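Below are the chains, spelled out letter by letter.
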Amino acid sequence: MPPSHSTIIAVTITLLIAGCATQGAASKPAPTTAPPSTGPSPSAATAPPAPAATSAFCLDLTTFQIGVLVWRNDVLEEVKQGSPDLKGLQQRAVMIEYIGEKMQESAPADIAKQLRAVRKAIAASAKALKPGRNVRDVIEPLYNKRITPAFDAVDAYQGCPRNS
């Protein structure tokens, strides 16, 4: 029997996590210091500083975005089926939380609050994944008017420099 869609996604996320964790630490050169400037640029005072391309936040952003998107979808699908793979969903939530926790430390100020809110929502939903659960307790943290803007902001965030 071929592996399920969820299994394939979970394996892909795991491989991405492993690749980002080792590749980012070993293959990136140490950041160099820029020469001192003669004065602040006009936009420097108003714009938040861009995160370093080698920060945990930037290295794992795409993995986190994909993991969150797939996890939210899988929770909906599993709940609709009526017999969700509680252990599998909880394990994937733990992986997403692990990535998010490492990212939080270097998250830029313009997205840190939303990242924290997304992590809390996933944790609350995962905590409700237990036999005899109330479906609303599982779905509500992920899909409500208060949290949707945070999920949208994290999903659409593009503040990291592109690696060449």
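As shown above, the structure is provided for reference.
Everything numeric here is computed off the predicted structure, so don't read it as measured data. Within every chain, residues take consecutive numbers counted from 1 along the sequence as written. Per-residue local features are limited, in this predicted model, to residues with pLDDT of at least 70; the limit for side-chain atom pairs, both in listing and counting, is 80 or more; totals at the level of whole chains, interfaces and linings are taken over all residues. With hydrogens and water stripped out, all remaining heavy atoms of the structure feed into the side-chain values.

Moving on to the nonpolar core. Grouping buried Ala, Val, Leu, Ile, Met, Phe, Trp, Tyr and Cys residues that are joined through side-chain atoms within 4.5 Å yields what is termed a nonpolar core. Burial here depends on accessible area, computed with a 1.4 Å probe over protein chains only, as a share of the maximum for the residue type. Under 20% is buried, over 50% is exposed, and the range in between is partly exposed. Formed by 33 residues in total, the largest nonpolar core has its most connected members in Phe 57, Phe 64, Trp 71, Val 75, Val 118, Ile 122 and Phe 151. Secondary structure elements with two or more residues in this core: α2 (56-81), α3 (86-104), α4 (109-127), α5 (135-139) and α6 (148-156). Helix and strand assignments follow DSSP, with helices taken as H or I runs no shorter than four residues and strands as E runs no shorter than two, numbered in order from the N terminus. Of the residues forming this core, the biggest block, eight residues, is contributed by α2. Note on contacts: a residue pair is in contact if any heavy atoms of the two residues lie within 4.5 Å. Contacts of Val 75, omitting those with residues within four sequence positions, involve Leu 89, Ser 125, Val 138, Ile 139 and Leu 142.

On to the packing of α4 against α6. Contact geometry of α4 with α6 gives a least axis separation of 8 Å together with a crossing angle of 115°. The two elements α4 and α6 meet at a crossing, and its hand is left-handed. Judged by residue contacts, Ile 111, Gln 114, Leu 115, Ala 117, Val 118, Ala 121 and Ile 122 of α4 engage Ala 150, Phe 151, Ala 153 and Val 154 from α6. When grouped by side-chain class, the residues that make up the contact of α4 with α6 number 10 nonpolar, one polar and no charged. For helices, the fitted axis covers only the stretch in contact; all axes are lines through C-alpha atoms, and the angles between them, taken along N-to-C directions, range from 0 to 180 degrees. What makes a crossing left-handed is the near helix being turned counterclockwise from the far one by less than a right angle; a clockwise turn instead makes it right-handed. As a working rule, the residues Ala, Val, Leu, Ile, Met, Phe, Trp, Tyr, Cys and Pro are called nonpolar, Asp, Glu, Lys and Arg charged, and the rest polar, with Gly in that last group.

The disulfide definition used here is simple: a pair of cysteine sulfur atoms within 2.5 Å. Following the criterion strictly, the structure yields one disulfide and no others. Each sulfur in the disulfide pair Cys 58 and Cys 160 lies 2.2 Å from the other. Here Cys 58 and Cys 160 share a disulfide; its torsion about the S-S bond, -90°, makes the bridge left-handed. With Cys 58 in helix α2 and Cys 160 in the segment after α6, the pair connects residues that are 102 residues apart, well separated along the chain.

Coordinates in, geometry out; function isn't part of it.
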